[in-house]
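Here is how the chains run, residue by residue.
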Amino acid sequence: MTEAPNSVFFLPVTQSVIGLSFVLALGFLLVIMSCALYGNWWPLFVVATYVLAPLPNAIFGRFAGRDDMMSDYQGGFADIGYFLTGLMIVTGFCLPVVLAHAGVITAPAMIMSITGGLLIYGTIISYSRFFSEEEDF
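Read on for an overview of the structure. (Residues numbered from 1 in each chain as written. Predicted model: local features only at pLDDT ≥ 70, side-chain atom pairs only at ≥ 80, totals over all residues. Heavy atoms only, no water.)

1. Observations regarding the side chain of Thr 123
Here is step 1: Position of Thr 123 relative to the elements: it lies in helix H5 (residues 107-130).
Here is step 2: Thr 123 has contacts with Leu 20, Val 23 and Leu 24, leaving out every residue within four places of it along the chain. (Helix = DSSP H or I, 4+ residues; strand = E, 2+ residues; numbered from the N terminus. Contact = heavy atoms within 4.5 Å.)

2. Things to note about helix H1 (residues 13-36)
Here is step 1: With 24 residues, H1 ought to run about 34 Å at 1.5 Å a step, and its terminal C-alpha atoms sit 34 Å apart, in line with that.
Here is step 2: When we look at burial in H1, the residues that qualify are Ser 16, Leu 20, Gly 27, Val 31, Ser 34 and Cys 35. (Expected span 1.5 Å × (residues − 1). Buried < 20%, exposed > 50% of the residue type's maximum accessible area, 1.4 Å probe, protein only.)

3. Digging into the packing of helix H4 (residues 76-101) against H5
Here is step 1: It is the contact of H4 with H5, at a shortest axis distance of 9 Å, that shows an interaxial angle of 170 degrees. When the axes of H4 and H5 are compared, the pair comes out roughly antiparallel. Across the interface between the two elements, Met 88, Ile 89, Phe 93, Pro 96, Val 97 and Ala 100 of H4 pack against Met 110, Ser 113, Ile 114, Gly 117, Leu 118 and Tyr 121 of H5.
Here is step 2: Class assignment for the residues of the contact of H4 with H5 results in 10 nonpolar, 2 polar and no charged. (Axes fitted to C-alpha atoms, helices over the stretch in contact; angles between N-to-C directions. Parallel < 35°, antiparallel > 145°, perpendicular 65-115°, else oblique. Nonpolar A, V, L, I, M, F, W, Y, C, P; charged D, E, K, R; others polar.)

4. Observations concerning the nonpolar core
Here is step 1: Grouped together as the largest cluster of nonpolar side chains are 8 residues: Val 31, Val 46, Val 47, Tyr 50, Ala 53, Met 88, Ile 120 and Tyr 121.
Here is step 2: Elements with a minimum of two residues in this core: helix H2 (46-52) and H5.
Here is step 3: Of all the elements, H2 adds the most residues to this core, at 3 residues.
Here is step 4: In this structure Met 88 touches Thr 49, Leu 52, Ala 53 and Tyr 121, once residues within four positions along its chain are discounted.
Here is step 5: Within the second largest apolar cluster, 5 residues are counted, among which are Leu 99, Ala 100, Ile 105 and Ala 109. (Core = buried A, V, L, I, M, F, W, Y, C linked by side-chain atoms within 4.5 Å.)

5. Focus: H5
Here is step 1: Between the first and last C-alpha of H5 there are 34 Å, a value that for 24 residues agrees with the 34 Å anticipated at 1.5 Å per step.
Here is step 2: Those residues of H5 lying buried are Ala 109, Met 110, Met 112, Ser 113, Gly 116, Gly 117, Ile 120, Tyr 121 and Thr 123.
Here is step 3: Contacts from the buried residues of H5 go to H1, H2 and H4.

6. Side note on the packing of aromatic side chains
Here is step 1: The tally for this structure, following the rule as stated, stands at 4 aromatic pairs.
Here is step 2: Aromatic side chains Phe 28 and Tyr 50 sit 6.3 Å apart centroid to centroid with 75 degrees between the ring planes, which places their arrangement in the edge-to-face category. A residue pair is termed long-range when its members are at least 10 positions apart, and Phe 28 in helix H1 and Tyr 50 in helix H2 qualify at 22 residues.
Here is step 3: Where Tyr 50 meets Tyr 121, the ring centres are 5.2 Å apart and the plane angle is 90 degrees; that geometry is what we call edge-to-face. Of this pair, Tyr 50 sits in helix H2 while Tyr 121 sits in helix H5, placing them 71 residues apart in sequence. Each member of the pair, Tyr 50 as well as Tyr 121, carries the same accessibility label: buried.
Here is step 4: Here the aromatic residues Phe 28, Tyr 50, Phe 93 and Tyr 121 are joined through ring pairs into a cluster of three or more. (Phe/Tyr/Trp six-rings, centres within 6.5 Å; stacked < 30°, edge-to-face > 60°.)

If you want it as structure tokens, here you go:
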């Protein structure tokens, strides 16, 4: 078995991917169960923020001035992408709170939806952190 230097807890790559996919599936299960158990499908709109959150970085990252390798500043377009991504992530956590405050969903559904969101975002961050290729110049 080959071991990647950046793998999660120094596990082999396949075990790390299987573990991360299990946690991701558990997060989505919690979000879906927060809808199904309480008969209200409004918390499912949070999944849209999970899907849409990386898009601003992908779109505006193409317009950033990455031609200059000596500069640490990436330009205003990258900052707009970071801002919109942060906005989508905060929306993913705050939407269940707003829905529970308005009485649309129950408090246990809110807790399950936020916990599922934490698991999903944690999996995405762990995957991008441990399996990203570092560029050495």
